[in-house]
Amino acid sequence: MNLNINGKNHSINVEPNMPLLWAIREVIGLTGTKYGCGIAQCGACSVLMNGELLRSCSVSVSSAVGQKIITIEGLSKDSSTALQKAWIARSEEHTSELQ
C-alpha cells in the first residue's frame, strides 16, 4: 500500500485494517502523532487527511491510500507553527517532570 504523508510517498506492507496511527508511528517512524485513548476521543492521534482533521487511531490504512495526510511534523519544516511550538514546550515540561 502507498501512503502520501507530509508530501512524501511511503510504500508499506501492512494489514489493510491496521490503524493509520500505528502505520505512521511504527512503520514510517513519525512519532509526533501520539497514542492517547484508542477510541478517537482525546485527539492525541490527530492528523489532517485532505485538509480534514481526523483521529488516526480510528482510520484504517486501507482508507488512507490515495489520500493526502499531514502529521504534526508536516505542518512546517522548522517547527515554527504555534501548534508545533506548544507541543515541543509540553514535551520538554513532561520530560523534566519525569526526571
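Residues numbered from 1 in each chain as written. Predicted model: local features only at pLDDT ≥ 70, side-chain atom pairs only at ≥ 80, totals over all residues. Heavy atoms only, no water.

A. Geometry of helix 1 (residues 20-28). Burial in helix 1 covers these residues: L20, L21, A23, I24, R25 and I28. In this structure, the buried residues of helix 1 make contact with strand 1 (2-5), strand 2 (8-11), strand 3 (46-49), helix 2 (61-64) and strand 5 (68-70). Trailing helix 1 by a residue or two, G29 shows a phi angle of about 90°, which is positive. (Buried < 20%, exposed > 50% of the residue type's maximum accessible area, 1.4 Å probe, protein only. Helix = DSSP H or I, 4+ residues; strand = E, 2+ residues; numbered from the N terminus. Contact = heavy atoms within 4.5 Å.)

B. Highlighting the packing of aromatic side chains. For the coordinates displayed, the defined rule picks out one aromatic pair. Between W22 and Y35, the aromatic rings sit 5.5 Å apart at their centres with planes inclined by 25°, giving stacked as the arrangement. Note that W22 is positioned in helix 1 and Y35 in the loop between helix 1 and strand 3, a separation of 13 residues in sequence. (Phe/Tyr/Trp six-rings, centres within 6.5 Å; stacked < 30°, edge-to-face > 60°.)

C. A look at unusual backbone geometry. Positive phi, close to 60°, is recorded for A40, a residue that is not glycine. Among the secondary structure elements, A40 is positioned in the loop between helix 1 and strand 3. The exposure class assigned to A40 is partly exposed, which follows from its relative accessible area of 24%. Positive phi is not limited to glycine here, since N50 has a value of about 55°. Tracing the backbone shows N50 in the loop between strand 3 and strand 4 (52-55). Since its relative accessible area comes to 49%, N50 is described here as partly exposed.

D. Broad picture of the side chain of T71. With respect to the element layout, T71 can be found in the loop between strand 5 and helix 3 (82-98). Residue class for T71 comes out buried when judged on its relative accessible area of 1%. A polar side-chain atom of T71 sits 2.7 Å from a polar atom in the side chain of E73. If near-sequence neighbours (up to four positions away) are discounted, T71 is found in contact with I5, N6, I24, L30, T33 and V47. (Polar contact = N/O pair within 3.5 Å; in protein donor to acceptor, adjacent residues only side chain to side chain.)

E. View of the nonpolar core. Grouped together as the largest cluster of nonpolar side chains are 15 residues, with contacts concentrated most on L3, I12, L20, M49 and I69. Where this core is concerned, the elements lending two or more residues are strand 1, helix 1, strand 3 and helix 2. Sorting elements by how many residues they give to this core places helix 1 first, with four residues. Apart from residues no more than four positions distant in its own chain, M49 is found in contact with L20, L54, V59, S63, A64, Q67, K68 and I69. (Core = buried A, V, L, I, M, F, W, Y, C linked by side-chain atoms within 4.5 Å.)

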